[in-house]
Amino acid sequence: MQHLITTDDFSIEQINNILQNASKFKNYGNPPALLRDKLLFTLFFENSTRTRSSFEVAAKKLGAAVVHLDPTKSSTAKGETIEDTFTNLGAMAPDGVIIRHASNEIPQTLANMDMAPVINAGAGNYAHPTQALLDLFTLQEHFGSLEGKRVAIVGDIANSRVASSAISLLPRFGVEVSLVAPAPFMPADTKLAKYGTIEDIIDEVDVIMSLRAQLERHKTPIFENYETYASHYCITQQTLGNRDIIIMHPGPVMRNIDISDEVLADRRCKVLTQVTNGVFVRMAVLKMLLLDS
Ligand code: CP
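Computed from a predicted model, the values in this text were never measured in an experiment. Along each chain, residues carry numbers from 1 onward, in the same order as the chain's sequence is written. Under the rules for a predicted model, residues below a pLDDT of 70 receive no local features and side-chain atom pairs below 80 are neither given nor counted, while totals for whole chains, interfaces and linings still include all residues. Derived side-chain values reflect all non-hydrogen atoms in the structure, with water molecules and hydrogen atoms excluded from consideration.

**Re the sheet that holds strand β2 (residues 65–69)**
If you trace the four strands from one edge of the open sheet to the other, you get β2-β1-β3-β4, paired in parallel fashion. Where the open sheet ends on each side, the last strands, each with one partner, are β2 and β4 (118–123). This sheet shows a mean twist of 15° between the axes of neighbouring strands, independent of strand direction. Pairing between strands is defined by DSSP: at least two bridges between them are needed. Put simply, DSSP marks the helices as runs of H or I at least four residues long and the strands as runs of E at least two long, and each gets a number from the N terminus on. Bridging between strand β1 (residues 39–44) and strand β3 (residues 96–101) involves five bridges; their strand directions are parallel. A fitted line through C-alpha atoms represents every axis, and for helices the fit uses only the stretch in contact; the resulting angles, taken between N-to-C directions, go from 0 to 180 degrees.

**Brief notes about the side chain of Asn 159**
Locating Asn 159 in the fold gives a position in the loop between β5 (150–154) and α6 (161–169). We classify Asn 159 as buried; its relative accessible area is 14%. Engagement of the side chain of Asn 159 in a polar contact is seen with the side chain of His 218, the distance being 3.5 Å. Here, residues are in contact when the closest pair of their heavy atoms is within 4.5 Å. Those residues in contact with Asn 159 that lie beyond four places of it in its chain are Asn 125, Gln 214, Arg 217 and His 218. For every residue, the accessible area obtained with a 1.4 Å probe (protein chains only) is divided by the maximum for its type, and the residue is called buried under 20%, exposed over 50%, and partly exposed between those limits. For this analysis, a polar contact is any N or O atom pair within 3.5 Å, provided that within protein one partner can donate a hydrogen and the other can accept it, and provided that sequence-adjacent residues contribute only side-chain to side-chain pairs.

**A look at the site of the ligand**
Taken together, Ser 48, Thr 49, Arg 50, Thr 51, Arg 100, His 128, Gln 131, Pro 250 and Gly 251 make up all the residues around the ligand. Measuring from a nitrogen atom of the ligand, one finds a backbone N or O atom of Pro 250 at 2.8 Å. Accessibility throughout is a Shrake-Rupley quantity obtained with a 1.4 Å probe, and a residue counts as covered only by protein chains that appear here. Considered on its own, the ligand offers 250 Å² of accessible surface; in the complex 91% of this is hidden by protein. Tallied by class, the residues present in the shell around the ligand amount to one nonpolar, six polar and two charged. The split of the chain into domains comes from an automatic or database domain assignment. No fewer than three residues from each of domain 1 (7–127 + 275–292) and domain 2 (129–271) sit in the shell around the ligand. Any residue with a heavy atom lying within 4 Å of a molecule or strand is counted as near it. Put simply, Ala, Val, Leu, Ile, Met, Phe, Trp, Tyr, Cys and Pro go in the nonpolar bin, Asp, Glu, Lys and Arg in the charged bin, and everything else, Gly too, in the polar bin.

**Some words on the sheet that holds β5**
Read across the sheet, five strands follow the order β7-β6-β5-β8-β9 without closing on themselves; strand pairing throughout is parallel. Of all the strands in the sheet, the pair left with one neighbour each is β7 (193–195) and β9 (246–248). Each adjacent strand pair in this sheet contributes to an overall mean axis angle of 25°, direction not counted. Here strand β6 (residues 176–180) pairs with β7 via three bridges, running parallel. Pairing of Leu 179 across the sheet is with Lys 194, part of β7. The strands that helix α5 (residues 129–143) touches are β5, β8 (207–210) and β9; relative to β9, the one it contacts most, it runs at about 165°. Across the sheet, α6 is in contact with β5, β6 and β8; its angle to β5 comes to roughly 160°.

**Thoughts on the layout of surface pockets**
Unfilled space is identified by rolling a water-sized probe across the atoms. Lining residues are defined by having an atom within 4 Å of a point belonging to a cavity or pocket. Those points lie on a 1 Å grid over the protein atoms alone, cavities being sets where a 1.4 Å probe fits but cannot get out and pockets being open sets with protein on both sides within 12 Å along at least five of seven lines. Grid points are joined across faces, edges and corners, and a volume is the space filled by probe spheres set on the points. Put simply, the largest pocket is a space of about 410 Å³. Going through the elements one at a time, α2 (50–61), α5, α6 and α10 (271–291) are the ones with two or more residues in the lining of the largest pocket. At five residues, α10 tops the list of elements feeding residues into the lining of the largest pocket. Of the residues belonging to the lining of the largest pocket, the class tally is seven nonpolar, 12 polar and eight charged. Taken together, domain 1 (7–127 + 275–292) and domain 2 (129–271) each give at least three residues to the lining of the largest pocket, which thus spans both. As a volume, the second largest pocket reaches approximately 200 Å³. If you trace the second largest pocket, you find it lined by Asn 125, Ile 157, Ala 158, Ser 160, Ala 163, Ser 164, Ile 167, Ser 168, Pro 187, Asp 189, Thr 190 and Leu 192. Looking at the lining of the second largest pocket, its residues break down into six nonpolar, five polar and one charged.

**So, the packing of aromatic side chains**
Any Phe, Tyr or Trp ring, taking Trp's six-membered ring, that has another such ring centre within 6.5 Å forms a pair; planes under 30 degrees apart are called stacked, those over 60 apart edge-to-face, and the others tilted. Enumeration according to the criterion identifies six aromatic pairs in this entry. Consider the rings of Phe 223 and Tyr 229, whose centres lie 5.6 Å apart with planes at 35°: the pair is tilted. Its relative accessible area of 5% is what places Tyr 229 among the buried residues. Here the aromatic rings of Tyr 229 and Tyr 233 are separated by 5.1 Å at their centres, their planes lie at 25°, and the arrangement is stacked. Remark: Tyr 233 and Tyr 229 occur in helix α7 (residues 226–233); sequence separation between them is four residues, near one turn of the helix.

Spelled out as structure tokens, the structure:
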């Protein structure tokens, strides 16, 4: 039984297969209903716009049945443990359970029960593997070979599962990752190059990956005033000038704090391309996990 908890669960060969299949799904359209007899549960203990809908669209495009269990309306609200919830879903013999949770450990804990394949749709600040895969696809689609390309991750890196997954996946494909953040947002335990301002590195990068301040994961407020933060870290036209750099962000974007309105509308901004690509990458991930191909 194959699970997807982190991108390390996939070999380079499997990831290349996913990228190729995602490209076929994107460019040739109308895939056959490869997952016609398959059943998936989505179980999101944290809010989501993109990931949940993207997984559901991906599954439906491949003909799978998808059942969404809303934790606020499920027996979780009556005190049922998540392990018991998962065991009961497992008793209905699904082909996969797609789960998002605030805890770093829950997806792996459920995977260890071996009741059903577990697909991590975002766990705490630990991992968001399908976001990293769709980011990799978007980069490869834009640049072709990624060997030697440089990505600066800017923002609340310490609290971001998107950053964790990008930091572990992108270097496997030759990408050099640097980190740009104020001290409270910079991870302590990193060997990556660290910078205090975007200006320190802007002339050396091909990509800026901007991140939102993960307010829901801050135990106490880190900055009282995010306008002051934005004056240093928001990606604006002034930051970019006419440089040939692409801008990425996993969403949701805090407008004019993470990225300015003008840059969001700039042709160099790939935010909606990432969302579009997410569907095709998740189709390929589901094909890999459910059909082993
Ligand atoms: N990128 C991402 O995880 O967005 P959602 O929180 O809307 O799913």
